[in-house]
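Single-letter residue listing:
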Amino acid sequence: MFDKKDNLQELLIHELKDLYDAEHHIIDALPKMADAAHSPDLKQAFKMHLEETKNQVSRLEQVFQLMGEKADRKSCPGVQGIIKEGQEIMKKGGDPEVIDAGLIGAAQKVEHYEIAGYGTARTWARQLGHSQVANLLQQTLEEEGNTDHKLSRIAESHINLEAVKQAA
């Protein structure tokens, strides 16, 4: 639930708590996605992003500390819904390449959510004069963008091509 916010600082804290919750849900989901993936490079990408996500949680905890706030989670229904969609892909089964293509799509939806959230939070932090916070958020924003590009490369280099063959 979104409570009334009276200033940008409160809105920034709300966004950070949302992202903190999202990252925890992602940490729970990534091992399952890695197990469900068939492509070795996709499995590896999910495992690498899990470690990166753990570092992002630590970075968010540092952000909360810099802002004099407790690192609390605010329910993130957006990421929870996207993860649920990914879980449905894993439960239904099917052709391995098609499943992998679906997992990449679900993962990229999460990345895009995070890119929007971190970009917004970074901008608000800059505008509020929290330059250290903005720099930490920028690091995570860059990592999320890199992960999105890596997933696109994996999809476009072979997974989507194999999935297309299944439709023929």
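If you tally the helices and strands in the chain, you get 5 helices and 0 strands. Helices and strands in the chain line up, N terminus first, as α-α-α-α-α. In terms of overall dimensions, the chain is globule-like: its C-alpha atoms have a radius of gyration of 17 Å, near the 15 Å expected for 168 residues. Across its three principal directions, the C-alpha atoms of the chain cover 55 × 30 × 20 Å.

Take the confidence of the model for the chain next. Counting all residues, the mean pLDDT for the chain is 94, and 96% of those residues have values of 70 or more. Helix H3 (residues 77-92) is the least confidently modelled element of the chain, averaging 91 in pLDDT, while helix H2 (residues 40-66) averages 98, the highest of any element.

For Thr140, the location among the structural elements is in helix H5 (residues 131-167). Judged by its relative accessible area of 1%, Thr140 falls in the buried class. When near neighbours in sequence (up to four residues on either side) are disregarded, Thr140 contacts Glu23, Gln56, Arg59 and Tyr118.

One pass over the structure, following the stated rule, counts 1 aromatic pair. Considering the side-chain rings of Tyr20 and Phe64, the 5.5 Å spacing of their centres and the 75° angle between planes classify their relative orientation as edge-to-face. Here the residue Tyr20 occupies a position in helix H1 (residues 8-36), and Phe64 occupies one in helix H2, the gap between them amounting to 44 residues. Judged by its relative accessible area of 7%, Tyr20 is buried. The exposure class of Phe64 is buried, given its relative accessible area of 0%.

Moving on to the packing of H1 against H3. It is the contact of H1 with H3, at a shortest axis distance of 10 Å, that shows an interaxial angle of 10°. It follows that H1 is roughly parallel to H3 by the angle criterion. Listed contacts from H3 to Asp21, Ala22, His25, Ile26, Ala29, Lys32, Met33 and Ala36 of H1 are Val79, Gln80, Ile83 and Met90. Of the residues assigned to the contact of H1 with H3, the class counts are 8 nonpolar, 2 polar and 2 charged.

Counting residues in hydrophobic clusters, the biggest one holds 45 residues, and the most contacted among them are Leu16, Leu42, Phe46 and Leu137. Those elements that place two or more of their residues in this core are H1, H2, H3, helix H4 (96-127) and H5. In terms of residue count, the dominant contributor to this core is H1 (13 residues).

Let us look at the environment of Lys150. Turning to its location among the elements, Lys150 is positioned in helix H5. A relative accessible area of 28% means that Lys150 is categorised as partly exposed. In this structure, the C-alpha to C-alpha distance between Lys150 and Gln44, residues 106 residues apart in sequence, is 11 Å. Among residues more than four places away in sequence, those in contact with Lys150 are Ala45 and Met48.

Conventions we followed
- Residues numbered from 1 in each chain as written.
- Predicted model: local features only at pLDDT ≥ 70, side-chain atom pairs only at ≥ 80, totals over all residues.
- Heavy atoms only, no water.
- Helix = DSSP H or I, 4+ residues; strand = E, 2+ residues; numbered from the N terminus.
- Rg over C-alpha atoms; globule rule 2.2 N^0.38 Å.
- pLDDT = per-residue confidence, 0-100.
- Buried < 20%, exposed > 50% of the residue type's maximum accessible area, 1.4 Å probe, protein only.
- Contact = heavy atoms within 4.5 Å.
- Phe/Tyr/Trp six-rings, centres within 6.5 Å; stacked < 30°, edge-to-face > 60°.
- Axes fitted to C-alpha atoms, helices over the stretch in contact; angles between N-to-C directions.
- Parallel < 35°, antiparallel > 145°, perpendicular 65-115°, else oblique.
- Nonpolar A, V, L, I, M, F, W, Y, C, P; charged D, E, K, R; others polar.
- Core = buried A, V, L, I, M, F, W, Y, C linked by side-chain atoms within 4.5 Å.

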